[in-house]
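# Per-entry structural report
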Amino acid sequence: MINFELDERLAADTLPIADLPLSRVLLMNDARYPWVILVPRHASISEVFELSADDQQQLWREATQLGDAMKTALGGDKVNIASLGNVVSQLHVHVVLRRHSDATWPAPVWGNGSPEPYDLDGQAQLRDQLLALIHGLDV
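An account of the accompanying structure is given in this report. It should be emphasised that the depicted structure is a prediction, and the values quoted were computed from it without experimental measurement.

### Topic: the nonpolar core
- Ranked by size, the top nonpolar core spans 28 residues in total, and within it Val25, Leu27, Val36, Leu38, Leu66, Met70 and Leu130 carry the most contacts.
- Elements supplying a minimum of two residues to this core: β1 (14-19), β2 (23-28), β3 (35-40), α2 (53-74), β5 (93-98) and α3 (120-135).
- When residues in this core are grouped by element, the largest group, six residues, is from α2.
- Among residues more than four places away in sequence, those in contact with Leu38 are Leu20, Ser23, Arg24, Val25, Leu59, Glu62, Ala63, Leu66, Leu91, His92, Val93 and Val95.
- Among the nonpolar cores identified, the runner-up in size contains 11 residues, and Leu10, Leu26, Tyr33 and Val96 belong to it.

### What to know about the pairing of β1
- Examined bridge by bridge, β1 and β2 share five bridges and lie antiparallel to one another. Note that in β2 the partner of Leu15 across the bridge is Leu27.
- The antiparallel pairing of β1 with β2 creates a hairpin that spans three residues between the two strands.

### Some details on the sheet that holds β5
- One open sheet accounts for five strands, arranged β1-β2-β3-β5-β4; its pairing is antiparallel. Both edges of this open sheet fall to β1 and β4 (78-82), since each of them pairs with a single strand only. The sheet shows a mean angle of 25 degrees between the axes of neighbouring strands, taken without regard to direction.
- Each of β1, β2 and β3 is contacted by α3, which is oriented at about 25 degrees to β1, the strand it contacts most.

### Brief notes about α2
- For α2, which comprises 22 residues, the first-to-last C-alpha distance of 31 Å matches the rise-based estimate of 32 Å (1.5 Å per residue) to within 8%.
- For α2, every residue scored as buried is listed here: Asp55, Gln58, Leu59, Glu62, Ala63, Leu66, Gly67, Ala69, Met70 and Leu74. The buried residues of α2 occupy an angular sector of 170 degrees when projected down its axis, which confines them to one face. When the buried face of α2 is taken as reference, the exposed residues oriented beyond 90 degrees from it are Ala53, Asp54, Trp60, Asp68 and Thr72.

Cut-offs and rules
Residues numbered from 1 in each chain as written. Predicted model: local features only at pLDDT ≥ 70, side-chain atom pairs only at ≥ 80, totals over all residues. Heavy atoms only, no water. Core = buried A, V, L, I, M, F, W, Y, C linked by side-chain atoms within 4.5 Å. Buried < 20%, exposed > 50% of the residue type's maximum accessible area, 1.4 Å probe, protein only. Helix = DSSP H or I, 4+ residues; strand = E, 2+ residues; numbered from the N terminus. Contact = heavy atoms within 4.5 Å. Pairing = 2+ DSSP bridges. Axes fitted to C-alpha atoms, helices over the stretch in contact; angles between N-to-C directions. Expected span 1.5 Å × (residues − 1). Arc of directions from axis to C-beta.

See below:
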């Protein structure tokens, strides 16, 4: 985890939450969905298979445990976990809590509608909830 720098676009679109053993946890600044992004703290990695086998397993543990915790605590119908990288090549994994009532259900969140940034109260409330969930993970 040497020389880790967050891609400028990820930094512009997200709010920092915490660090897990492998990944930086970022909150996507879009209040339409509880949506976090995990970015492994490695320099110059764009694909999951470029991580060691242990780090691949760690990334999956972090994504699935956080997704499960979000679904349980925040009340969702489905968790979408994806790594695309078509716009931002730095390896990152989206963990998006979906609800049947959300703005774009059942379509993907990417490219649908315009993001609705959090107000300060909404941002602080979800950040505190996510921090509590993160502290409860066994990663």
